[in-house]
Amino acid sequence: MLAEIDAVHQRVWQAVSHYWEPNSVHGHGPDHAMRVYSMGLQLAAALGADPLVVGAGCYIHDAGMRPDVGREGHIERSLQIASALCEEMPELAGVRDLLLTTIRYHEAELAFPSPLPTEAVCVRDSDTLDRLGFTGIRMTLQYGVWMGRALCHPSDPLCCERAPDLSAFTMDYVRYLESLPQRLLTSLARSYSEEKQKQREFYCSEFLSSFRQGRMRNHEDALRLVMAHMREESRVA
Amino acid sequence: MKVGVPVVPLKWKKYLALVDFRFQSADELAADIRRYQVNKAQRLVRDLSSDLRDDLRQTRRSFYVVKLVPADLPGQLPNFNIERISQLKQLVAFLNAHRRENYLEAWYCRTRIDPEVFSVAGRIVFSAADSGKTQLVEQLWRGSPRKLETYSGDFAFPYVRASRYSWGWPYSIEHVHLPQQSAPKSALSKLRLQSEFGYSMRCIEQEKEKLAAFCEFLDSFSFKAYSLEYKIVASQLKIIDWDTPNDRRVLASQDLHLWDGMH
């Protein structure tokens, strides 16, 4: 049974991977899909959700992003991609509505109807978790480079004494990420988020220290810092 | 007394940038895109109906895209595709469904798609990835470039995806798709698709000077990616739209001299 589900997931990935690849340019490439997929299946197993739907939802949720316009309109496009896939894959036709629900409500900031199906909860929490910690900081920095946003406010780089200006400063967005864990819907995801929060706090303190020493001049410097920590993290694991 | 100044929708300013870079003249743009104030949408339906009847009389096939346009959105606008007179009722329902929303204008434009006429539409995404600058092209036959966003295995249009490193480099074709149920008479073979794709790229290459100038302008904003949409109908290339991560920033540039398009 699991092998059959895995085979369906592989076919979904083959069908959508070309949508993800160009989005590496703003940090939402195939690596984001893979991490969300892996975490989504863990949550599905723990919560008793249908892994077929969760895996497919994770592989499609951000497929509607584009390298030229980024997030703008991406949920609508992801839904269109999912609808088209349900037409051509009989295995998905029977779970079409549930699959579309996982995609429609995958973003942590979006209001959702109650009760949200467990499968949608898994995709949503999994995506939110990937937006936290080093992975989330890297995506945020890459998105900032892509849209030509300034790295940080010149005198208040971590937005301690201002309201965050998410369209103006990337580090304001990094600061905003600390509000995401409270939007997680499952206790399991919340427990995973604790480590991610520590990563963010660690990164911010390192960032501030480098900034004060004049070594944090642009997004490239900030990305180098997070990549160094990610490499360190993978060695520890 | 305050004199009301007509608001030029952001989307129209995007099209005017194409005029500024000489992809088409202001008159051509005004002829290609029929604009109506949203409260005069009945006129749009009437004119579109008349165009559809003309097509029928002249045994032409066209598709029309109707867009609802607010003042301040540069893209992702609600739109309705129509090819047949029988779809006019659905168009009216579409316009009514959005009647209470904040749209200034309703537009429509036409593309010929008769099998006898060469008609393709596509999008070129220019990316500055770590591996260098690349151009990714997606093209479909006889359809709207908006359809590219839903490409999948049972896509109803012939489709080619290709990429190349930069200007002057040959394209490497990554994927060719033939619809399963294309009518035998109009069916395109993979070989013919590749050949027509090559022809389309040569048409684009002929406009390289203007394209390179526009790209140089967009590059000045240091975006990591942006795109151009095009149509080629009967050998005539038209650049019909562009998208960047921050269109407002581009349109605010002092280097653009946008003709306001209002008489």
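Structure's up top.
Figured I'd write up the structure that's included with this text.

Scoring rules and cut-offs
Residues numbered from 1 in each chain as written. Chains lettered and ligands numbered in written order. Predicted model: local features only at pLDDT ≥ 70, side-chain atom pairs only at ≥ 80, totals over all residues. Heavy atoms only, no water. Helix = DSSP H or I, 4+ residues; strand = E, 2+ residues; numbered from the N terminus. Rg over C-alpha atoms; globule rule 2.2 N^0.38 Å. Buried < 20%, exposed > 50% of the residue type's maximum accessible area, 1.4 Å probe, protein only. Expected span 1.5 Å × (residues − 1). Bend = angle between axes of the 7 residues up to and from the residue. Contact = heavy atoms within 4.5 Å. Salt bridge = Lys/Arg side-chain N within 4 Å of Asp/Glu carboxyl O. Buried area = accessible area lost by both parts, 1.4 Å probe. Polar contact = N/O pair within 3.5 Å; in protein donor to acceptor, adjacent residues only side chain to side chain. Nonpolar A, V, L, I, M, F, W, Y, C, P; charged D, E, K, R; others polar. Core = buried A, V, L, I, M, F, W, Y, C linked by side-chain atoms within 4.5 Å. Phe/Tyr/Trp six-rings, centres within 6.5 Å; stacked < 30°, edge-to-face > 60°. Pairing = 2+ DSSP bridges. Axes fitted to C-alpha atoms, helices over the stretch in contact; angles between N-to-C directions.

Within chain A, the secondary structure is distributed over 11 helices and zero strands. What you see in chain A, going N to C, is helices and strands ordered as α-α-α-α-α-α-α-α-α-α-α. Its C-alpha atoms give chain A a radius of gyration of 18 Å, within 12% of the compact-globule value 18 Å for 237 residues. With respect to the three principal axes, the spread of C-alpha positions in chain A is 60 × 35 × 35 Å. Classification of the 237 residues of chain A by burial places 58% in the buried group.

Its 19 residues place the ends of helix α1 (residues 2-20) of chain A 25 Å apart at the C-alpha level, agreeing with the 27 Å of an ideal helix rising 1.5 Å per residue. Of all the bends in α1(A), the largest measures some 40° and sits at Gln14(A). Where the residues of α1(A) are buried, they touch α2 (30-47), α3 (51-60), α4 (74-88) and α5 (90-93) of chain A together with β7 (159-164) of chain B.

For the structure on display, the rule yields 37 salt bridges over all chains. Note that Asp32(B) is salt-bridged to Lys238(B), the shortest N-O span being 2.7 Å. Here the residue Asp32(B) occupies a position in helix α2 (residues 26-32), and Lys238(B) occupies one in strand β10 (residues 236-243), the gap between them amounting to 206 residues. When its relative accessible area of 17% is taken as the criterion, Lys238(B) is described as buried. Sharing partners across several salt bridges, the network here consists of Arg66(A), Asp68(A), Lys11(B), Lys14(B), Arg123(B), Arg146(B), Glu149(B), Glu229(B), Asp241(B), Asp243(B) and Asp247(B).

Turning next to unusual backbone geometry. Put simply, Ser114(A) and Pro115(A) share a cis peptide bond, and its omega is 0°. With respect to the helices and strands, Pro115(A) occurs in the loop between α6 (96-104) and α7 (118-130). Residues other than glycine seldom take positive phi values, yet Arg22(B) does so here, at roughly 65°. The exposure class assigned to Arg22(B) is exposed, which follows from its relative accessible area of 54%. Even without being glycine, Ala234(B) reaches a positive phi, approximately 50°.

Here we come to the interface of chain B and chain A. Counting residues at the interface gives 26 residues for chain B, matched by 20 residues for chain A. Where chain B abuts chain A, roughly 1,900 Å² becomes buried across the two surfaces, and 55% of that area is made up of carbon and sulfur atoms. Broken down residue by residue, the surface that chain B buries against chain A is led by Gln76(B), Glu149(B) and Lys224(B), which jointly contribute 27%. Counting across the interface, chain B meets chain A through two salt bridges. In this structure, Arg66(A) engages Glu149(B) in a salt bridge whose closest nitrogen and oxygen atoms are separated by 2.3 Å. The interface formed by chain B and chain A contains six residue pairs in polar contact (both at pLDDT 80 or more). At the level of secondary structure, the elements contributing two or more residues to the side of chain B that touches chain A comprise β5 (119-129), β7 and β9 (225-233) of chain B. Here the side of chain B that touches chain A is composed, by residue class, of 10 nonpolar, nine polar and seven charged.

Soluble globular proteins tend to pack their nonpolar side chains together in the buried interior. Grouped together as the largest cluster of nonpolar side chains are 71 residues, with contacts concentrated most on Ile60(A), Leu92(A), Tyr203(A) and Phe207(A). Of all hydrophobic cores here, the second largest spans 50 residues; its members include Ala17(B), Cys203(B), Ile204(B) and Phe223(B).

With that out of the way, let us pick up the packing of aromatic side chains. Going through the model one piece at a time under the given rule, you end up with 29 aromatic pairs over all chains. With a centroid separation of 4.1 Å and 5° between ring planes, the pair formed by Tyr37(A) and Tyr59(A) is classed as stacked. Placement of the pair is Tyr37(A) in helix α2 and Tyr59(A) in helix α3, with a sequence separation of 22 residues. For Tyr37(A), a relative accessible area of 10% gives the class buried. A centroid spacing of 5.7 Å and a plane angle of 45° characterise the contact between Tyr15(B) and Trp107(B), whose relative ring orientation is tilted. Remark: Trp107(B) occurs in strand β4 (residues 105-112) and Tyr15(B) occurs in helix α1 (residues 10-20); sequence separation between them is 92 residues. Each member of the pair Tyr15(B) and Trp107(B) is classed as buried.

All names here are of chain B. Pairing of strand β1 (residues 34-37) with β4, which is carried by four bridges, proceeds in the antiparallel orientation. Pairing of Tyr36 across the sheet is with Ala106, part of β4. Here strand β2 (residues 62-69) runs beside β4; their pairing, made up of eight bridges, is antiparallel. When the bridges of β4 are listed, Leu68 appears paired with Ala106.

All names here are of chain A. Compared with an ideal rise of 1.5 Å per residue, which puts 15 residues at 21 Å, helix α8 (residues 133-147) spans 21 Å between its outermost C-alpha atoms and is within 8% of the ideal. Of all 15 residues that make up α8, 14 are buried, and the element is covered over most of its length. A positive backbone phi angle near 70° is found at Gly148, which sits one or two residues after α8.

Moving on, we get to the sheet that holds β4(B). By way of backbone hydrogen bonds, the strands of a sheet pair with one another, either parallel or antiparallel. Residue and element names in this part refer to chain B. Read across the open sheet, the four strands follow the order β1-β4-β2-β3; overall the sheet is antiparallel. For this open sheet the edge positions go to β1 and β3 (79-82), each flanked by a neighbour on one side alone. Adjacent strand axes in the sheet meet at a mean angle of 20°, parallel and antiparallel pairs treated alike. Bridging between β2 and β3 involves four bridges; their strand directions are antiparallel. By the bridge assignment, Lys67 is partnered in β3 with Asn79. Lying over the sheet, helix α4 (residues 88-97) contacts β2 and β3, oriented at roughly 175° with respect to β3.

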